[in-house]
Amino acid sequence: MDIDTRLLRYFLAVADTESLPRAAQRLHVAQPSLATQIKQLEQQVGVELFIRSRAGWTLTAAGKVLAEQVPTLLASWDRILRDTKSDASRAAKVLRLGTVHSAADGYLAEIIQVFHRLHPDWQVDIHQGGWTDPTAGLDEGDVDVALLRLPFPGQEEYHVRELFTEPRWIALPEDHPLAGRDDITFRELWDEPYVASPAETGWWRDYWMGLDARPVDTAIIGAMARNTDEWLRAIASGYGVSFTPASTARSSPYPGVVFRPVHGIGPTLVALVWPDASEADPVMRYFIRCCTDIIGHQGTDGRRTS
């Protein structure tokens, strides 16, 4: 019997939270899709793994046995996959850097230039993460180190060094009543429709609607977007507003869209993130030092965060 490791990860998330909504949020998937995946796993193993009730999802006796064994299995497979991909890239002298949109983009040229002074024969391959992958390839073992925005699901599995914070601004249609103001408060934006990423992005979608700092039931979605271009076009067309890093105003100007500061909502945090395999490699550690020396960091020492 062959079982997709993704199903096992979904199973563990539900087992850990005992809640389908919380597990779906953690995994960046829609609740109906997650329920279907759990049912598929139960059909493959031939036993019921959860007792479903209004109070939540609790493990059956068989589910408890599986939950005890799966973490070790997945940890071994993840290590094997990352090490295999890392060894292949290092043999070719390629450092794989993951980034999410506008996370320290302005520093990359200088970082790579400084890195090449000591390692001129190495190539830096930049992987731009999409809206549905807040780890920019790190979870899949496709990158050696990544510049990401915190928090993201599973970050406790990595080494994390915080670099800087950046205000969350609001992107508005240029004819919006608030577009001419520079003193917008967070509370004024609660009743606005938002241009959001798809439901399967879970926490990522909620965070950029400000739902980490206001009641979830206040969310109104005016349109969905799957990439930056769709997002900007939807805002310009008046389908909604959206929070975004302040740097987006410089990196992604767009006709019909204005960016304004907002008071009363916390900033986004940019961090350098890497797995154990990169921690043990001197070339990767030098690149990490280049990043932290050039960008700077606040209040961390590079150890795993919880």
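Below is a summary of the structure that appears in this document. Throughout this document, residue positions are counted from 1 along each chain, in the order its sequence is written. Where totals are concerned, whole chains, interfaces and linings use all residues; where local detail is concerned, this predicted model gives features only for residues with pLDDT of at least 70, and gives and counts side-chain atom pairs only at 80 or more. Think of the side-chain values as coming from all heavy atoms in the structure, minus any hydrogens and water.

### Focus: empty space enclosed by the protein
(1) Moving on: Put simply, the grid is 1 Å and covers the protein atoms alone, a cavity is a trapped set of points that fit a 1.4 Å probe, a pocket is an open set with protein on both sides within 12 Å along at least five of seven lines, and lining residues have an atom within 4 Å of a point. Grid points are joined across faces, edges and corners, and a volume is the space filled by probe spheres set on the points. Enumeration over the complete set of coordinates arrives at two cavities of 30 Å³ or more.
(2) Moving on: By volume, the largest cavity amounts to about 290 Å³.
(3) Moving on: Forming the boundary of the largest cavity are 21 residues, of which Trp131, Trp204, Trp208, Thr244 and Pro245 lie nearest the centre.
(4) Moving on: Working definition: helices are DSSP H or I runs of at least four residues, strands are E runs of at least two. Numbering for both runs from the N terminus. Every element with two or more residues in the lining of the largest cavity is listed here: strand S9 (193-196), helix H6 (203-207), helix H7 (228-236) and strand S11 (242-245).
(5) Moving on: At four residues, the largest contribution of residues to the lining of the largest cavity is made by S11.
(6) Moving on: Tallied by class, the residues present in the lining of the largest cavity amount to 10 nonpolar, nine polar and two charged. We call Asp, Glu, Lys and Arg charged. Ala, Val, Leu, Ile, Met, Phe, Trp, Tyr, Cys and Pro are nonpolar, and the rest, Gly among them, are polar.

### Let's talk about the pattern of salt bridges
(1) Moving on: For salt bridges, the criterion is a side-chain nitrogen of Lys or Arg within 4 Å of an Asp or Glu carboxyl oxygen. Scanning all chains against the criterion turns up 12 salt bridges.
(2) Moving on: Between aspartate 212 and arginine 168 there is a salt bridge, and its shortest N-O distance comes to 2.9 Å. Highlighted residues: aspartate 212 in the loop between H6 and strand S10 (220-224) and arginine 168 in strand S7 (residues 168-173), separated in sequence by 44 residues.
(3) Moving on: For aspartate 212, a relative accessible area of 44% puts it in the partly exposed group. Throughout this description, buried means an accessible area under 20% of the type-specific maximum (1.4 Å probe, protein chains only), exposed means over 50%, and partly exposed covers the range between.

### Here's the deal with helix H3 (residues 31-45)
(1) Moving on: The terminal C-alpha atoms of H3 lie 21 Å apart, and with 15 residues this matches the ideal 21 Å at 1.5 Å per residue to within 8%.
(2) Moving on: Looking at H3, one finds that the buried residues are Leu34, Gln37, Ile38, Leu41 and Glu42. Buried residues of H3, seen end-on, are gathered within an arc of 140 degrees and therefore sit on one face of the element. Summarising the geometry of H3, the exposed residues directed more than 90 degrees from the buried face are Pro32 and Gln43.
(3) Moving on: A positive phi of about 85 degrees marks glycine 46, the residue just after H3. For a helix, the expected span equals 1.5 Å multiplied by the number of residues minus one. This arc describes the spread of directions from the helix axis toward the C-beta atoms.

### Some words on unusual backbone geometry
(1) Moving on: For glutamate 18, which is not glycine, the phi dihedral falls at a positive 55 degrees.
(2) Moving on: Residue position: glutamate 18 is located in the loop between helix H1 (5-17) and helix H2 (20-27).
(3) Moving on: Phi is positive for alanine 136, which is not a glycine, with a value near 50 degrees.
(4) Moving on: Position of alanine 136 relative to the elements: it lies in the loop between strand S4 (123-128) and strand S5 (145-150).
(5) Moving on: Judged by relative accessible area, which is 0%, alanine 136 ranks as buried.

### Considering the environment of alanine 271
(1) Moving on: Tracing the chain through its elements places alanine 271 in strand S13 (residues 268-274).
(2) Moving on: With relative accessibility at 0%, the residue alanine 271 sits in the buried group.
(3) Moving on: Placed 36 residues apart in sequence, alanine 271 and isoleucine 235 show a C-alpha to C-alpha distance of 28 Å.
(4) Moving on: Contacts were defined at the residue level, with two residues in contact if any of their heavy atoms lie within 4.5 Å. Contact partners of alanine 271, with chain neighbours within four places excluded, come to Ala146, Leu147, Leu148, Leu150, Val160, Arg161, Glu162 and Leu163.

### Some words on the packing of aromatic side chains
(1) Moving on: Pairing of aromatic side chains here covers Phe, Tyr and the six-membered ring of Trp, requires ring centres within 6.5 Å, and sorts the geometry by plane angle: under 30 degrees stacked, over 60 edge-to-face, intermediate tilted. In this structure the tally under the stated criterion is nine aromatic pairs.
(2) Moving on: When the centroid spacing of 5.0 Å and the interplanar angle of 90 degrees are considered together, the rings of tyrosine 207 and tryptophan 208 count as edge-to-face.
(3) Moving on: Assessed through its relative accessible area of 6%, tyrosine 207 is described here as buried.
(4) Moving on: An aromatic cluster of three or more residues is present, and its members are Phe186, Trp190, Tyr194 and Phe243.
(5) Moving on: A ring has a charge above it when a Lys NZ or an Arg CZ is no more than 6 Å from the ring centre and no more than 35 degrees off the ring normal. Between arginine 168 and the ring centre of tyrosine 207, over which it is positioned, the NZ or CZ distance is 4.0 Å.

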